[in-house]
Amino acid sequence: LVTGDPSQVYEVRFGEADVGDVTMTITALDGTQPTIEEVVGGTFDSPSLADLDRDGTEELLVPLFTGAQNTAYAVWARPTPAAPFVRAGDVSGLGFGLTTDGYIVVGGHASAAASYADLYLLRSGVLVPITFLELDAEQDTCTLTQTTGLGEIGLDEATARDRFCADPAIVG
């Protein structure tokens, strides 16, 4: 696993765990980061690094389990570029994006006609949920289903719905 900085390389090893699971161990070869261990189930993905919020510091995405459509990930972040990784939270979806306003989007499928988009802030190494949206292609609807984090960004429900349901990162 290589970062955007070619001098920083991570080794990924798999070991035994409970039946059907394995332990994934991620170690920085230069010793600058503590070893990370996660128990992973049925997934075909490998861990990856991505700058989810485009702040210049890469986050570590560890796939934990892949279901019929979506993959559950442990997200590890560094509160500052020199800090060690901390477990920021768990998300589930098909992929990651960024809204026009700079919020992290995790999108996934709920069914053949329905999808969802979960929006987060990354603050001090913690994923903070902003809102969750359900999109129904058959009904042509976009509904905010969890709105408790809107106060974090100073939006009311109507403004958030208008803004996020029209955002290219969410509706393509």
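These notes cover the structure that comes with them. Small disclaimer: the values here were computed from a predicted structure and weren't measured. (Residues numbered from 1 in each chain as written. Predicted model: local features only at pLDDT ≥ 70, side-chain atom pairs only at ≥ 80, totals over all residues. Heavy atoms only, no water.)

## Looking at the overall build of the protein
Okay, step 1: Within the protein, the regular secondary structure consists of 3 helices and 12 strands.
Okay, step 2: Taking 2.2 N^0.38 as the reference for a compact globule, 172 residues should give roughly 16 Å; the C-alpha atoms of the protein span a radius of gyration of 17 Å, in line with that estimate.
Okay, step 3: For the C-alpha atoms alone, the extent of the protein along its principal axes is close to 50 × 35 × 25 Å.
Okay, step 4: With 172 residues in all, the protein has 42% of them scored as buried.
Okay, step 5: Put simply, of all contacts in the protein between residues at least 6 apart along the chain, 29% involve residues at least 24 apart.
Okay, step 6: By element, 51% of the accessible surface of the protein is carried by carbon and sulfur atoms, the whole surface being about 8,800 Å². (Helix = DSSP H or I, 4+ residues; strand = E, 2+ residues; numbered from the N terminus. Rg over C-alpha atoms; globule rule 2.2 N^0.38 Å. Buried < 20%, exposed > 50% of the residue type's maximum accessible area, 1.4 Å probe, protein only. Contact = heavy atoms within 4.5 Å. Areas by Shrake-Rupley, 256 points an atom, 1.4 Å probe, with all protein chains shown as cover.)

## Observations concerning the packing of aromatic side chains
Okay, step 1: Taken as a whole and assessed by the stated rule, the structure comprises 3 aromatic pairs.
Okay, step 2: With centroids separated by 5.3 Å and ring planes inclined at 65°, the aromatic side chains of Tyr 73 and Phe 96 adopt a geometry described as edge-to-face. Highlighted residues: Tyr 73 in strand β6 (residues 71-77) and Phe 96 in strand β8 (residues 95-98), separated in sequence by 23 residues.
Okay, step 3: Assessed through its relative accessible area of 28%, Phe 96 is described here as partly exposed.
Okay, step 4: A ring pair is formed by Tyr 103 and Phe 164, whose centres lie 6.0 Å apart and whose planes are at 85°; its orientation type is edge-to-face. Remark: Phe 164 occurs in helix α2 (residues 157-164) and Tyr 103 occurs in the loop between β8 and β9 (104-109); sequence separation between them is 61 residues.
Okay, step 5: Classification of Phe 164 by relative accessible area gives buried; the value is 0%.
Okay, step 6: The lysine or arginine in question, Arg 78, covers the ring of Phe 85, its NZ or CZ lying 4.8 Å from the ring centre. (Phe/Tyr/Trp six-rings, centres within 6.5 Å; stacked < 30°, edge-to-face > 60°. Lys NZ or Arg CZ within 6 Å of the ring centre and 35° of its normal.)

## What to know about unusual backbone geometry
Okay, step 1: The phi angle at Arg 54 is positive, at roughly 55°, despite the residue not being glycine.
Okay, step 2: By the secondary structure assignment, Arg 54 is in the loop between β4 (48-50) and β5 (59-66).
Okay, step 3: Under the relative-accessibility criterion, Arg 54 is labelled exposed at 62%.
Okay, step 4: One non-glycine residue, Ser 124, lies in positive phi territory at about 50°.
Okay, step 5: Within the secondary structure, Ser 124 is located in the loop between β10 (114-123) and β11 (126-136).

## Description of the state of the cysteines
Okay, step 1: Evaluation of the coordinates by the stated rule reveals 1 disulfide.
Okay, step 2: Residue pairing for Cys 142: its cysteine sulfur links by disulfide to Cys 165, the two sulfurs lying 1.9 Å apart. Negative torsions about the S-S bond denote left-handed disulfides, and the value of about -75° found for Cys 142 with Cys 165 makes this one left-handed. Of the two residues, Cys 142 sits in strand β12 (residues 141-146) while Cys 165 sits in the loop between α2 and α3 (168-171), which places them 23 residues apart along the sequence. (Disulfide = S-S within 2.5 Å.)

## A few points about the pairing of β11
Okay, step 1: Sheet topology places β10 next to β11; 10 bridges connect them, and they run antiparallel. Each residue of the ladder has a partner; that of Asp 118, found in β11, is Phe 132.
Okay, step 2: Between the end of β10 and the start of β11, which pair antiparallel, lie 2 residues, with Ser 124 showing a positive phi angle near 50°.
Okay, step 3: Here 5 bridges tie β11 to β12, and the two strands are oriented antiparallel to one another. Bridging from a neighbouring strand, Glu 134 pairs with Thr 143 of β12.
Okay, step 4: The antiparallel pairing of β11 with β12 creates a hairpin that spans 4 residues between the two strands, and Asp 140 there sits at a positive phi of about 55°. (Pairing = 2+ DSSP bridges.)

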